[in-house]
Amino acid sequence: MRIDTKMCLLLGIMLLGGTMIRAQVPEVETTGLAAERRMTEIKKLVDLSSAQESEFQQLCMTYQLHLDSALYFEDDPISYVNKINKAEKEFTQTFYTILTDKQTTQYAYNKGYADVKRKTADKLNLLRETGAYNEAELKKIEEQIFNYLMLEKVVYMRDKHDVSKQKENIHRLKAIQPQYLKAAESHRKLKHNGRTNNGKVKWEK
């Protein structure tokens, strides 16, 4: 990620002291503090080596400089959004090149756990409504669904800014998708059509 002239100017303003920063950008924390917050979050979610931590500190600072440069020096809204998106793409791509595959899985698991649990519960509720599975069976199914959805989460997070690659990897995952997910979605479609598996009409209230 390259630092342009405007970001260098912003960095120069920061170095002049906290009072001038507040005068230039009221009610906004300094770039350094924002980068430090992001770094603290990363370390909470994944175990890093000393070398990786150093790389991430530089990455977070550069990323925050890009964001602040766009925020304080870009007046055109479209250009502003484009610069933000470009900074986020470069950050994400560099982020996952620093992590090992094992660390990527750890990071995605910790950051995406709540979302994957929520989606898993939704699938289980649909399967429960079919009446085809008892609770003991659903307990085993839950683990399979959770593990698969977590694999999808890794792809969605890692390949967030490469739609073509993301779709290709999701397509590959479909080959190992548990059959229960298809059963759950089939039941959802039946519900949306106002029908259940026994053929009776049951409209959602």
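To be clear, the structure that these remarks concern was listed above.
Calculation criteria
- Sequence order as written defines the numbering, with residues in each chain counted from 1.
- Reporting in this predicted model follows two pLDDT cut-offs: at least 70 for local features of residues, and 80 or more for side-chain atom pairs to be given and counted; totals over whole chains, interfaces and linings ignore these cut-offs and use all residues.
- Neither water nor hydrogens contribute to the side-chain values; these are computed over all heavy atoms in the structure.
- Helix numbering and strand numbering both begin at the N terminus, where a helix is a DSSP run of H or I of at least 4 residues and a strand a DSSP run of E of at least 2.
- Multiplying 1.5 Å by the residue count of a helix minus one yields the expected span of that helix.
- Given a residue, its bend is the angle between the two axes fitted to the seven residues that end at it and to the seven that start from it.
- Partly exposed residues are those whose accessible area sits between 20% and 50% of the maximum for their type, while under 20% is buried and over 50% is exposed, using a 1.4 Å probe and protein chains only.
- Note on definitions: a residue-residue contact is assigned when non-hydrogen atoms from the two residues lie within 4.5 Å.
- Each reported salt bridge corresponds to a side-chain nitrogen of Lys or Arg within 4 Å of a carboxyl oxygen of Asp or Glu.
- Centres within 6.5 Å make a pair out of two Phe, Tyr or Trp rings, where for Trp the six-membered ring is used; the pair is then stacked when the planes are under 30 degrees apart, edge-to-face when over 60, and tilted otherwise.
- As used here, the term nonpolar core means buried Ala, Val, Leu, Ile, Met, Phe, Trp, Tyr and Cys residues forming a set that is joined through side-chain atoms within 4.5 Å.

A. Quick peek at helix H6 (residues 101-130). With 30 residues, H6 should reach 44 Å at 1.5 Å per residue; the first-to-last C-alpha distance of 38 Å falls well below that figure. Remark: the principal bend of H6, roughly 65°, maps to Gly112. Among all positions of H6, only Gln103, Thr104, Tyr107, Ala108, Gly112, Asp115, Val116, Thr120, Lys123, Leu124, Leu126 and Leu127 are buried. If you follow the buried residues of H6, they end up packed against helix H3 (31-45), helix H4 (50-73), helix H5 (77-98), helix H7 (135-158) and helix H9 (179-192). Phi turns positive one or two residues past the end of H6, at Gly131, with a value near 75°.

B. Quick peek at the pattern of salt bridges. Overall, the coordinates contain 18 salt bridges when judged by the stated rule. As a salt-bridge pair, Lys83 and Glu74 come within 3.0 Å of each other at their nearest N and O atoms. Exposure remark for Glu74: the relative accessible area of 18% places this residue in the buried category. A salt bridge links Arg128 to Glu135, with the nearest nitrogen and oxygen atoms 2.9 Å apart. Arg128 gets classed as partly exposed once you look at its relative accessible area, which sits at 36%. The network of salt bridges with shared partners includes Asp115, Arg118, Lys119 and Lys153.

C. Quick look at the packing of aromatic side chains. Under the defined criterion, the tally for this structure stands at 10 aromatic pairs. Aromatic side chains Tyr63 and Phe91 sit 4.5 Å apart centroid to centroid with 35° between the ring planes, which places their arrangement in the tilted category. With Tyr63 in helix H4 and Phe91 in helix H5, this residue pair connects regions lying 28 residues apart in the sequence. Judged by its relative accessible area of 8%, Phe91 is buried. Centroid distance Tyr109 to Phe146: 6.0 Å. Interplanar angle 80°. Geometry classified as edge-to-face. Highlighted residues: Tyr109 in helix H6 and Phe146 in helix H7, separated in sequence by 37 residues. Overall, the relative accessible area of 35% leaves Tyr109 in the partly exposed class. The class for Phe146 is buried, based on a relative accessible area of 11%.

D. Geometry of the environment of Leu33. Within the secondary structure, Leu33 sits in helix H3. Owing to a relative accessible area of 41%, Leu33 belongs among the partly exposed residues under this scheme. In this structure, the C-alpha to C-alpha distance between Leu33 and Met61, residues 28 residues apart in sequence, is 9.2 Å.

E. Here's a closer look at the nonpolar core. Formed by 22 residues in total, the largest nonpolar core has its most connected members in Ile42, Phe56, Phe91, Phe95, Leu99 and Tyr107. When contributions to this core are tallied by element, the ones reaching two or more residues are H3, H4, H5, H6 and H7. If we ignore the near neighbours within four places in the chain, the residues touching Leu99 are Val46, Leu48, Gln52, Phe56, Thr104 and Tyr107. Ranked by size, the runner-up nonpolar core spans 17 residues in total, among them Leu127, Tyr148, Leu173 and Tyr180.

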